[in-house]
Amino acid sequence: YRASFIFDDVEIPKAYRLELACPRNMTGYRGSGKTLKCFCGQIKGFSTVYGSGPYTDDSSVCSAAVHAGVIGLDGGGVKVTAGSGLKKYPATRRNDVLSKKWESWPGSFVVAEMD
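Residues numbered from 1 in each chain as written. Predicted model: local features only at pLDDT ≥ 70, side-chain atom pairs only at ≥ 80, totals over all residues. Heavy atoms only, no water.

(A) Main features of the sheet that holds strand 1 (residues 20-21). Taking strand neighbours across the sheet as the criterion, the 5 strands line up as 1-2-4-7-3 in an open arrangement whose pairing is mixed. Edge strands, defined here as strands with exactly one partner in the open sheet, are strand 1 and strand 3 (55-56). Pairing between strand 4 (residues 76-86) and strand 7 (residues 105-113): 8 bridges, direction antiparallel. Each residue of the ladder has a partner; that of Lys79, found in strand 7, is Ala112. (Pairing = 2+ DSSP bridges. Helix = DSSP H or I, 4+ residues; strand = E, 2+ residues; numbered from the N terminus.)

(B) The packing of aromatic side chains, seen in detail. Per the counting criterion, the structure on display carries 3 aromatic pairs. Among the aromatic residues, those joined into a ring-pair cluster are Tyr50, Trp102 and Trp105. (Phe/Tyr/Trp six-rings, centres within 6.5 Å; stacked < 30°, edge-to-face > 60°.)

(C) Examining the nonpolar core more closely. Membership of the largest hydrophobic core comes to 21 residues, with the highest contact counts inside it found for Cys22, Met26, Ile71, Val78, Val80, Phe109 and Val111. Of all the secondary-structure elements, those providing two or more residues to this core are strand 2 (35-40), helix 1 (61-67), strand 4 and strand 7. With 5 residues, helix 1 is the single largest residue contributor to this core. (Core = buried A, V, L, I, M, F, W, Y, C linked by side-chain atoms within 4.5 Å. Buried < 20%, exposed > 50% of the residue type's maximum accessible area, 1.4 Å probe, protein only.)

(D) Spotlight on the environment of Gly72. Inspection of the secondary structure assignment puts Gly72 in the loop between helix 1 and strand 4. Residue Gly72 is classed as partly exposed on the basis of its relative accessible area of 37%.

(E) Molecular detail of the pairing of strand 7. Sheet topology places strand 3 next to strand 7; 2 bridges connect them, and they run antiparallel. Looking at strand 7, one finds that Thr56 is bridged to Ser108.

(F) Seen up close, the state of the cysteines. Taken as a whole, this structure holds 2 disulfides when the rule is applied. Each sulfur of the disulfide joining Cys40 and Cys62 lies 2.1 Å from the other. Residues Cys40 and Cys62 share a disulfide whose torsion about the S-S bond is about -90°; that sign makes it left-handed. Of this pair, Cys40 sits in strand 2 while Cys62 sits in helix 1; the two residues are 22 residues apart in sequence, bridging distant segments of the chain. The pair formed by Cys40 and Cys62 is uniform in burial state, with each residue classed as buried. Should the bonded cysteines of the protein chain be numbered as they appear in the sequence, the pairing reads 1-2, 3-4. (Disulfide = S-S within 2.5 Å.)

Below, the structure written as structure tokens:
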């Protein structure tokens, strides 16, 4: 077909929402301010996380979500927002995830509970 359409500003009941898998990291959204609502599957091992929230945008989204206490090892829904870079990202241990410190990095993200 030569035409298409979208439904804009339509609220879909939670029971009918398809939650997409979270991206591995947020480098593709660097500095955009974009917020994604996505799903992390069961966590079987932690991937690298830099910072303590905000995290560098090359950090693992799902491991960062466990670090932040947003989800547990069984996974779950996550809200991820891309941000601009920071000059320092401190290291901390939270929820059995040890994040690493990093100096200046051009992009970041924060994780929050899904609403």
